[in-house]
Amino acid sequence: MIGYGAILVALAGLLMTLPHFISEPYRYDNTSPGGISLTIKDPRWVGAWWLGFLIAAGSVALAAIPYFFFPKEMPKEKHELQFRRKVLAVTDSPARKDKDSPSKQSPGESTKKQDGLVQIAPNLTVIQFIKVFPRVLLQTLRHPIFLLVVLSQVCLSSMAAGMATFLPKFLERQFSITASYANLLIGCLSFPSVIVGIVVGGVLVKRLHLGPVGCGALCLLGMLLCLFFSLPLFFIGCPSHQIAGITHQTSAQPGPELFPSCMEVCSCPSDGFNPVCDPSTRVEYITPCHAGCSRQVVQDALDKSQVFYTNCSCVAEGNPVMAGSCDSTCSHLVVPFLLLVSLGSALACLTHTPSFMLILRGVKKEDKTLAVGIQFMFLRILAWMPSPVIHGSAIDTTCVHWALSCGRRAVCRYYNNDLLRNRFIGLQFFFKTGSVICFALVLAILRQQDKEARTKESRSSPAVAQQLLVSGPGKKPEDSRV
């Protein structure tokens, strides 16, 4: 089944590339004398977005091949499965039903029979499993440790889903870097830190021989440190660009709002987008038409060509403007920003193994499989599905200029960088705080349970000591333990 699932994932990746091959080719303005002169820094640049899906689909398909050579049943499990089938056959026999009728069965035997059904639940038929499932589900959901750990993992998965979906776009808009460079930094820093965090968490659990209380303390410590290193992210970022006619200009530089008649003769289209930058004032214009430019100059170089627009009536002193958006003066801050994000991701992933151990140790042996299934169901429904929608809606509220298509909002051209940073990082901080609260409650409950267990053990210790005295000095303690 794992192999077939991987093949389906590979086919889904191939289907994602179909829009590139069946859609209408991209349209550009070919009427300009200089032709098409786009670079990777141009907002209109469209890269080979489909190539990554093809590579990923091929890798998944290759990785799925070994699964088809696995045996249907593991050798160690054959005898156990045969025993369970025999027990199930004896349980369902008519003679057994008459013998174990409710009128002839004590409450303790009835409970043992129900527990036996739960233990052989993997081999039940569909109707039998439906009868057993509600009781096991309610029994699992009533466990406070299980619920709190799953809720904390929901918060962490919501944070991870938002980061995985919108972090490249956030870095691209916040620090004015290219999409390829943003993804390269994420692949080189964030993903390795996640792997290191998961591995270190497992090593700590094994080396320190952590019990439930120790696992809860490790989870809480990791999330507290993750929350602490998230605070500087609110203050690392770049200010918004000065966009003529859109953002408020603090200086009295000439622009469309100061010269309303400078582009009247141009009849600029309202839906056009071909940004140009005035390097002297670092003011950006939506199109050369909005800057009042009437001439285009292309300077050829060895590796690339640079496009300039001259005779611009809306630019201070008629200076020429360069094609493309203005570069940011703080693009170098993207590296320390992503280092802090990677460190926080490693600390958050430190809780992966101990939290999973809390789930496995917190439920009964026969309920572990169902508990893991419920856990992943909650993660998909409560985290991975709504989190990208929540992050996307929060990011859309920071847009200051929308591109229109058929009279409707299509894509955001410019964001308020301060609002974008505060709301994106604020959502991440909110989910981390929720995870910290859940792990704190888990640790409090585990300590209370441990305290009650010690109290019960201390009360039973005098009886054990008395039994040791009665057993005599010739007997070993192991022979008379309770």
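In the nomenclature of an unreviewed UniProt entry, the protein chain is known as Solute carrier organic anion transporter family member of Papio anubis. The Subcellular location (unreviewed entry) comment attached to the protein chain in UniProt states, word for word, "Cell membrane". Per UniProt, the comment on the protein chain under Sequence similarities (unreviewed entry) is "Belongs to the organo anion transporter (TC 2.A.60) family."

Caption draft 1: The arrangement of the overall build of the protein chain in detail. On a plain count of helices and strands, the protein chain comes out with 15 helices and eight strands. Within the protein chain, buried positions represent 35% of all 482 residues. Across the protein chain, the fraction of contacts at a sequence separation of at least 24, relative to all contacts at a separation of at least 6, is 69%.

Caption draft 2: Structural view of the pattern of salt bridges. Inspection of the entire model under this criterion finds two salt bridges. For the salt bridge of Arg454 with Asp450, the shortest nitrogen-to-oxygen distance reads 3.2 Å. Of the two residues, Arg454 and Asp450 both sit in helix α15 (residues 417-471), four residues apart, roughly one turn of that helix. Looking at Arg454, the relative accessible area reads 59%, which means it is exposed. Asp450 gets classed as partly exposed once you look at its relative accessible area, which sits at 29%.

Caption draft 3: Structural context of the nonpolar core. Counting 26 residues, the largest nonpolar core has Leu167, Leu171, Phe337 and Phe424 as its most contacted members. Taken together, the elements giving at least two residues each to this core come down to α8 (144-175), α9 (179-207), α11 (334-349), β8 (408-415) and α15. The dominant element in this core, judged by the number of residues it contributes, is α8, at six residues. Those residues in contact with Phe337 that sit more than four places away from it in its chain are Phe170, Leu171, Phe175, Leu233, Ile236 and Ile425. Membership of the second largest hydrophobic core comes to 20 residues, among which are Phe146, Val363, Ile374 and Ala383.

Caption draft 4: View of the side chain of Lys432. Locating Lys432 in the fold gives a position in helix α15. Despite its burial, Lys432 remains without a salt bridge, the nearest opposite charge being carried by Asp418 at 19 Å. Beyond its immediate stretch of four places on either side in the chain, Lys432 contacts Met159, Met223, Cys226, Leu227 and Ser230.

Caption draft 5: How the structure looks around the pairing of strand β5 (residues 305-310). As defined by bridge partners, strand β4 (residues 295-300) adjoins β5 across six bridges and the pair is classed as antiparallel. Residue pairing in the sheet places Val297 in a bridge with Phe308 of β5.

Caption draft 6: View of the confidence of the model for the protein chain. Chain-level statistics for the protein chain give a pLDDT mean of 77 and a share of 69% at 70 or above. A low-confidence stretch, residues 99-121 stays under pLDDT 50, and its non-local contacts, those more than four residues away or across chains, total 22 contacts.

Caption draft 7: Local environment of unusual backbone geometry. In the Ramachandran plot, Ser176 falls in the positive-phi region, its phi being about 55 degrees despite a non-glycine side chain. One non-glycine residue, Asn311, lies in positive phi territory at about 55 degrees. Assignment of secondary structure puts Asn311 in the loop between β5 and β6 (321-323). A relative accessible area of 48% means that Asn311 is categorised as partly exposed.

Caption draft 8: The state of the cysteines, seen in detail. Evaluated as defined, the whole model comprises four disulfides. A disulfide bridge connects Cys238 with Cys330, and the sulfur atoms are separated by 1.9 Å. Residue Cys238 is found in the loop between α10 (212-230) and β1 (242-243), and its partner Cys330 is found in the loop between β6 and α11; the two are separated by 92 residues along the sequence. Judged by its relative accessible area of 1%, Cys238 is buried. A sulfur-sulfur separation of 1.9 Å characterises the disulfide bridge that pairs Cys277 with Cys326. The disulfide joining Cys277 to Cys326 has a torsion of about 105 degrees about its S-S bond and is therefore right-handed. With Cys277 in strand β2 (residues 276-278) and Cys326 in the loop between β6 and α11, this residue pair connects regions lying 49 residues apart in the sequence. We note that Cys277, like Cys326, is buried.

Caption draft 9: Structural context of the UniProt feature "transmembrane region" (unreviewed entry) in the protein chain. UniProt feature "transmembrane region" (unreviewed entry): in the numbering of this structure it lies at residues 47-70, 145-167, 179-205, 217-237, 333-360, 381-404 and 424-446. Regarding residues 145-167, the helix share stands at 100% and the strand share at 0%, and the terminal C-alpha atoms are separated by 32 Å. Span residues 333-360 is 89% helix and 0% strand, its end C-alpha atoms 42 Å apart.

Caption draft 10: Region of the structure containing the packing of aromatic side chains. Tallying each qualifying case throughout the model produces seven aromatic pairs. Centre to centre, the rings of Phe273 and Tyr414 are 6.0 Å apart; their planes meet at 65 degrees, and the pair counts as edge-to-face. Of this pair, Phe273 sits in the loop between β1 and β2 while Tyr414 sits in strand β8, and the two are 141 residues apart along the sequence. We note that Phe273, like Tyr414, is buried. Centroid distance Phe430 to Phe431: 5.6 Å. Interplanar angle 65 degrees. Geometry classified as edge-to-face. Classification of Phe430 by relative accessible area gives exposed; the value is 56%. Taken together, the ring pairs in this structure connect Phe170, Phe175, Phe337 and Phe424 into an aromatic cluster. Just above the ring of Trp402 sits the side chain of Arg409; from NZ or CZ to the centre is 4.3 Å. Between the NZ or CZ atom of Arg413 and the centre of the ring of Phe273, over which it lies, the distance is 4.2 Å.

Conventions and cut-offs
Residues numbered from 1 in each chain as written. Predicted model: local features only at pLDDT ≥ 70, side-chain atom pairs only at ≥ 80, totals over all residues. Heavy atoms only, no water. UniProt positions renumbered as here; feature names shortened; annotations may be inferred. Helix = DSSP H or I, 4+ residues; strand = E, 2+ residues; numbered from the N terminus. Buried < 20%, exposed > 50% of the residue type's maximum accessible area, 1.4 Å probe, protein only. Contact = heavy atoms within 4.5 Å. Salt bridge = Lys/Arg side-chain N within 4 Å of Asp/Glu carboxyl O. Core = buried A, V, L, I, M, F, W, Y, C linked by side-chain atoms within 4.5 Å. Lys, Arg positive; Asp, Glu negative; His and termini not counted. Pairing = 2+ DSSP bridges. pLDDT = per-residue confidence, 0-100. Disulfide = S-S within 2.5 Å. Phe/Tyr/Trp six-rings, centres within 6.5 Å; stacked < 30°, edge-to-face > 60°. Lys NZ or Arg CZ within 6 Å of the ring centre and 35° of its normal.

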